[in-house]
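# Analysis of the macromolecular model
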Amino acid sequence: MTSPKIKDPPSLLFEKIKFLGPGFILSASIVGSGELIATTVLGAEGGFITFWVIIVSCLVKVAIQLEFGKNAIITGKPLMVSFASLPGPKNWAIWGTFVLTLFKIVQVGGMIGGAAIALNMLFPYLSPYLLVFILGVITSLLIFKNYYHVVERTSILLVFAFTLFTLASLIAVNFSPYSFSLGDILSGLHFELPPHLIFVAIGAFGITGVASDEIIAYTYWCLEKGYATYTGENDGSEAWKTRATAWIKIMYLDAFVAMVIYTLVTASFYLLGAAILHGNELIPSGNELIETLAAIYTQTLGENARIAYLTGAFFVLYSSVFATLAYWTRLFPDIFGELGWINWNNLKDRKKWVAILAWVFPLLWAFTFVFVKLPAFMVLFGGVIGSILLLLVVYAAIHFQQKNKALNLASGTFSQFMFWISVLSIGLVSLYGIIQLF
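Attention in this report is confined to the structure presented alongside it. Because the structure is predicted, anything quoted here is derived from the model rather than measured. (Residues numbered from 1 in each chain as written. Predicted model: local features only at pLDDT ≥ 70, side-chain atom pairs only at ≥ 80, totals over all residues. Heavy atoms only, no water.)

### Side note on the packing of helix α7 (residues 92–103) against helix α20 (residues 375–404)
The cut-off we apply is this: Only the contacting stretch of a helix is used when fitting its axis, a line to C-alpha atoms as for every element, and angles between N-to-C directions run 0 to 180 degrees. Here a strand is any run of E in DSSP of at least two residues, a helix any run of H or I of at least four, and the numbering for each starts at the N terminus. Roughly parallel covers angles under 35 degrees, roughly antiparallel covers those over 145, roughly perpendicular covers 65 to 115, and oblique covers all other angles. Working rule for handedness: look at the near helix, and if it is turned counterclockwise from the far one by less than a right angle, call the crossing left-handed; if clockwise, right-handed. Contacts between residues were defined by any pair of non-hydrogen atoms, one from each residue, lying within 4.5 Å.
With their axes 9 Å apart at the nearest point, α7 and α20 run at an angle of 165° to one another. Classified by the angle between their axes, α7 and α20 sit roughly antiparallel to one another. In the crossing of α7 with α20, the sense of the turn from one axis to the other is left-handed. Between α7, through W92, A93, G96, T97, L100, T101 and F103, and α20, the contact on the second element is made entirely by F381, I385, I388, L389, L392 and Y395.

What follows is the structure in structure tokens.
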């Protein structure tokens, strides 16, 4: 008997577009701290020479993301179920994800702190240390009350507007003393990495484009979008294979559209940082981070653009914080369930933990920012942790690819080639960064 939830995918492009979504949610998360902070800091410190790091970071991780998305569609299970079956000591991948994600509390503390600083510059009479707790409470309320759908769509629109503003600034910079040439851009594609830029570059690589967090989060968004439900459980039939292949290809389209968006935005942030901040020897740090980054806009579009920049910066940073909380309140109950701490299959129990975590994490992020007070360092630290987590993600992707290869679903020669290029690139860069740091 066929489940009423099973659905044949559309064949027309316009109809397929209606089923896109997980990639846009990812873009709303990606176009945030990585672009606004890590990418710009790297451009400010390295100039054009490390432009290749950003391009590679945006392009090479997509194949890993696709393998995770494909596994979610095929299995129809939350990710930690698949992580539990990875070869090695029992639940090692689940524990690794758990511990490394906890370290990233520092990173998200920098993100919510940056949003508070931007808000403080718009309303100077409010302390950023008070604002960071207010933002934490607001975020908790939005997730706790389950109003995140409305806020999510609003955040995507705001990020889209800020993206257009960034592109306008990129065009405007070429009519200013900070204009750059095609030769400057090409000079950043020589795969050079000066030793003093290793920490910033590895941090930027770990956090820009589809980072380890987004790759993991993508599986939950794919499930919630309904790709796996529409495909149905694998009954071994040709009808299931045909349906699964078609939904996987729609997921590919979703990921490709998202990649175009965030690569364009990331490249724009980097080039602006390299052209304006590096030329002025302005290196963002501490609580002056957002004010320093505002130079990107005031130098190119005039002082009147400052308010628009700060408003956009707030929503870009805050949308990332919001998306992270939405993701973590899915990830951690999944982890707890696989470790036997909660009954994940009990919807009431799961909702209870979503509510608890929706309050706990924002408060932890806020306290972390108040204690450390260095948002740029905090975000880059999280990027380095993300590079380590990427090694686990790559290992899991290889396992998923080998396990699902026999099904021969949307796995042509080109996709196989890109997958192994992705594995090699991520593995080498992550290991190189770890070796240099320790």
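### Some points on the nonpolar core
One broad trend across soluble globular proteins is that nonpolar side chains are buried collectively. Keep this limit in mind: Think of a nonpolar core as a cluster: buried Ala, Val, Leu, Ile, Met, Phe, Trp, Tyr and Cys residues, connected wherever their side-chain atoms sit within 4.5 Å. Throughout, exposure labels follow a simple rule: accessible area from a 1.4 Å probe, protein chains only, divided by the maximum for the residue type, with under 20% read as buried, over 50% as exposed, and the rest as partly exposed.
Counting 129 residues, the largest nonpolar core has I64, F68, F83, M251, Y262 and W365 as its most contacted members. Take this core: its biggest share by element is 20 residues, from helix α15 (residues 238–280). Not counting the four nearest positions on each side in its chain, F83 is found in contact with F68, A93, I94, T97, L392, A396 and F400.

### Describing unusual backbone geometry
Although it is not a glycine, N91 adopts a positive phi angle of roughly 60°. Topologically, N91 is positioned in the loop between α6 (79–84) and α7.

### Re the packing of aromatic side chains
Aromatic ring pairs are described here by two measures, namely the spacing of the ring centres and the angle between the planes. Here is the rule we go by: Centres within 6.5 Å make a pair out of two Phe, Tyr or Trp rings, where for Trp the six-membered ring is used; the pair is then stacked when the planes are under 30 degrees apart, edge-to-face when over 60, and tilted otherwise.
One pass over the full model with this rule turns up 29 aromatic pairs. Both rings, one in F19 and one in Y230, keep their centres 6.0 Å apart while their planes meet at 85°; by these two values the pair is edge-to-face. With F19 in the loop between α1 (13–17) and α2 (22–30) and Y230 in helix α14 (residues 227–231), this pair connects stretches of sequence that are 211 residues apart. For Y230, a relative accessible area of 17% translates into the label buried. Residues W328 and F361 carry aromatic rings whose centres are separated by 4.9 Å and whose planes lie at 75° to one another, so their mutual orientation is edge-to-face. Of this pair, W328 sits in helix α18 (residues 305–338) while F361 sits in helix α19 (residues 347–372); the two residues are 33 residues apart in sequence, bridging distant segments of the chain. Judged by relative accessible area, W328 falls into the buried class, the value being 0%.

### Some details on a nonpolar patch on the surface
The test is simple: Patches were defined on residues exceeding 30% relative accessible area and lacking a salt bridge, with like-charge contacts within 9 Å and nonpolar side-chain contacts (Val, Leu, Ile, Met, Phe, Trp, Tyr) within 5 Å. Accessible surface is estimated by sampling points in the Shrake-Rupley manner with a 1.4 Å probe; for residues, cover comes only from the protein chains shown. Salt bridges, as used here, are contacts in which a Lys or Arg side-chain nitrogen is within 4 Å of a carboxyl oxygen on Asp or Glu.
A surface patch of nonpolar side chains, about 410 Å² in accessible area, is lined by W95, V99, F103 and W341. Within the secondary structure, W341 sits in the loop between α18 and α19.

### What to know about the environment of I335
Within the element layout of this structure, I335 appears in helix α18. Note on I335: relative accessible area 0%, which makes it buried. For the pair I335 and W95, spaced 240 residues apart in sequence, the C-alpha to C-alpha distance is 8.2 Å. Among all residues touching I335, those that are not within four sequence positions of it are M80, I94, T97 and F98.

### Thoughts on the packing of helix α8 (residues 105–122) against α20
For clarity, the cut-off: In this classification, Asp, Glu, Lys and Arg are treated as charged, Ala, Val, Leu, Ile, Met, Phe, Trp, Tyr, Cys and Pro as nonpolar, and every other residue, Gly included, as polar.
Where α8 contacts α20, the two axes come as close as 7 Å, and the packing angle between them is 145°. Crossing hand, α8 versus α20: left-handed. Residue-level contacts link V106, Q107, G109, G110, M111, G114 and I117 of α8 to P375, M378, V379, F381, G382 and G383 of α20. The residue inventory of the contact of α8 with α20, partitioned by class, reads seven nonpolar, six polar and no charged.

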